[in-house]
Amino acid sequence: MRAHEAGAMHGDIGSREPAWLRTPEDVNALVPALWPRSVTRAADGAVAVAGLSVRDIAAEFGTPVYVLDEADLRSRCRDFRAAFPNEDIYYAGKAFLCRAVVRMIAEEGLHLDVCTGGELATALSAGMPPERIGFHGNNKSVAELSRALNAGVGRIILDSFTEIDRLTALARERGVRPRVLVRVTVGVEAHTHEFIATAHEDQKFGFSLAGGAAAEAAFKILDEGVLELRGLHSHIGSQIFDASGFEVSARRVLALQGQIRDARGVELPELDLGGGFGIAYTTQDDPASPQDLAKRLRKIVDSECTAENLAVPRLSIEPGRAIVGPAVFTLYEVGTVKDLNGLRTYVSVDGGMSDNIRTALYDASYSATLASRASTAEPLLARVVGKHCESGDIVVKDEFLPADVQPGDLVAVPGTGAYCRSMASNYNHVPRPAVVAVRDGQARLIVRRETEEDLLALDVG
């Protein structure tokens, strides 16, 4: 290899694609692990979901559009329900929430985790039983806590001493005894991006275990006797494939359970190990199945309870991405194709960082395929980019597309169900895309596309 004074892209360094990305033998092939379970290529070469062609979806609903395979989402709920039959499964609504998804989650027997007043409002308006809602967040306002109490939310996860005081005062005023958990920062840093690792000490969530704040919070709740302390909560990060982090977390949290028992004579009946279970965005990812996760987590909890001489608490988990992430893909239309003198080919689509900020924010990797037709052209290493006025507006950093990809083609990006629509923005005053649910060959709009009128309606100047 030879370095080049103008940078690595100019040097004689061989292939520019990441080491894990392989040139496909068939550029039209779909990798099943990356796509909703009903996605296929039809006889005419177009991608179809539940028997419905993406060309028909684009014609009816426009692009960009998030396409949700309803049967896939429901089947993933059932997979977790079957794997954790005696545990409580809280779907993490922050991954993606709308009223239709709330109803699907409820119908499949799952609980729901919300972390803002807006998410709570969505859950209640969709008919989610409030006793099956858990309320998260690191800065719940008095108004949000009041609404949760008035609605009869099943549990509130407390994140600070200020929240303990707020909720205690509100509960006294109403003469109620809400169920609460204490969020514990256990000092475990999951193998993930810095901004989505949530259990190391230097971050905003929870009560520090090492510093003694977690024990102090539990003692404060028990001693005041206003709130019903049900257990402890830990969440170590996102997009996690390795169970070792959960093992360390469970050991430390259950040691605190033992400390609370010894100091106050109370064995807390619940334990929440959070979520963060990873999914396959590209062929480099190898997520565990719900059955494997259940086996590992039960073994970890049983072992640590035996070590601490504790009764095994009722376990709860919070999958969000693992349920909705693989059930959705985003459909775009190609606007331009630009070959930079052999350095790289840029395929520009009609969306970008306003509908998927994760590539820019987390350096996330995605896959893509030419969706409106099949091609006999050779594979071309391309970068799928958006239409926004940012050089970092990248949707898919590296992917092989057919060399004849052209304006007007449809490109689909799988794995966009989690943290894409929920983190979407109006950057450059671009309206946010619609969400369409497909089932049994029929598509229905569940979140309509924003319009310029929507944007201007908020501009009262």
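Residues numbered from 1 in each chain as written. Predicted model: local features only at pLDDT ≥ 70, side-chain atom pairs only at ≥ 80, totals over all residues. Heavy atoms only, no water.

A. Expanded view of the overall build of the protein. Broken down by element type, the protein carries 12 helices and 21 strands. With 461 residues in all, the protein has 54% of them scored as buried. Across the protein, the fraction of contacts at a sequence separation of at least 24, relative to all contacts at a separation of at least 6, is 70%. Surface accessibility of the protein: about 19400 Å² in total, with carbon and sulfur atoms responsible for 49%. One way to put it: in the protein the 49 positive side-chain charges average out to a point 4 Å from where the 63 negative ones average out. (Helix = DSSP H or I, 4+ residues; strand = E, 2+ residues; numbered from the N terminus. Buried < 20%, exposed > 50% of the residue type's maximum accessible area, 1.4 Å probe, protein only. Contact = heavy atoms within 4.5 Å. Areas by Shrake-Rupley, 256 points an atom, 1.4 Å probe, with all protein chains shown as cover. Lys, Arg positive; Asp, Glu negative; His and termini not counted. Charge placed at Lys NZ, Arg CZ, Asp CG, Glu CD.)

B. Seen up close, the nonpolar core. Counting 105 residues, the largest nonpolar core has Leu73, Phe80, Phe84, Tyr91, Phe96, Ile156 and Leu297 as the members making the most contacts within it. Leave out the neighbours within four places in its chain, and Phe80 touches Ile89, Phe277, Pro290, Leu293, Ile317, Pro319, Ala322 and Ile323. (Core = buried A, V, L, I, M, F, W, Y, C linked by side-chain atoms within 4.5 Å.)

C. View of the sheet that holds strand 1 (residues 39-41). The sheet built from 3 strands is open, its strands ordered 1-2-3 with antiparallel pairing. In the strand order of this sheet, the two ends are held by strand 1 and strand 3 (52-53), each with one partner. Both strand 2 (residues 47-49) and strand 3 contribute to a ladder of 2 bridges, which runs antiparallel. What sits directly across from Ala48, in strand 3, is Ser53. (Pairing = 2+ DSSP bridges.)

D. Seen up close, the pairing of strand 13 (residues 314-318). Buried residues dominate strand 13, accounting for 4 of its 5 residues. Across 2 bridges, the pairing between strand 5 (residues 88-92) and strand 13 is parallel. Bridge pairing in strand 13 places Asp88 opposite Ser316. Regarding topology, helix 9 (residues 290-308) serves as the crossover connection from strand 12 (residues 270-275) to the parallel strand 13, and that connection is right-handed. (Right-handed = clockwise from strand over helix to strand, strands pointing away.)

E. Structural context of the pattern of salt bridges. Here the structure, examined in full by the defined rule, presents 32 salt bridges. A salt bridge links Glu70 to Arg439; the nearest nitrogen and oxygen atoms lie 3.0 Å apart. Taken together, the residues span a long stretch of sequence, with Glu70 in helix 2 (residues 70-83) and Arg439 in strand 20 (residues 434-439) at a distance of 369 residues. Ionic pairing is found between Glu270 and Arg230, a salt bridge with its closest N-O pair at 3.0 Å. Here Arg230 lies in strand 11 (residues 228-233) and Glu270 lies in strand 12, a separation of 40 residues in the sequence. Accessibility expressed as a relative area gives 10% for Glu270, which makes it buried. (Salt bridge = Lys/Arg side-chain N within 4 Å of Asp/Glu carboxyl O.)

F. A look at the environment of Val436. With respect to the helices and strands, the residue Val436 is situated in strand 20. In this structure the C-alpha to C-alpha distance between Val436 and Val328, which are 108 residues apart in sequence, comes to 9.5 Å. Sequence-distant contacts of Val436, defined by excluding residues within four places in its chain, comprise Phe61, Val65, Tyr66, Val67, Leu68, Ala443, Arg444, Leu445 and Ile446.

G. Layout of the packing of helix 7 (residues 213-224) against helix 8 (residues 244-264). Orientation of helix 7 relative to helix 8, taken along the N-to-C sense of each, is 40°, at an axis distance of 11 Å. Comparing the axis directions of helix 7 and helix 8 gives the class oblique. Regarding helix 7 and helix 8, the two cross each other, and that crossing is right-handed. Judged by residue contacts, Ala214, Ala215, Ala218, Phe219, Leu222 and Asp223 of helix 7 engage Leu256, Gln259, Ile260, Ala263 and Arg264 from helix 8. Broken down by class, the residue content of the contact of helix 7 with helix 8 amounts to 8 nonpolar, 1 polar and 2 charged. (Axes fitted to C-alpha atoms, helices over the stretch in contact; angles between N-to-C directions. Parallel < 35°, antiparallel > 145°, perpendicular 65-115°, else oblique. Left-handed = near helix turned anticlockwise from the far one by under 90°. Nonpolar A, V, L, I, M, F, W, Y, C, P; charged D, E, K, R; others polar.)

These figures come from the coordinates and say nothing about function on their own.
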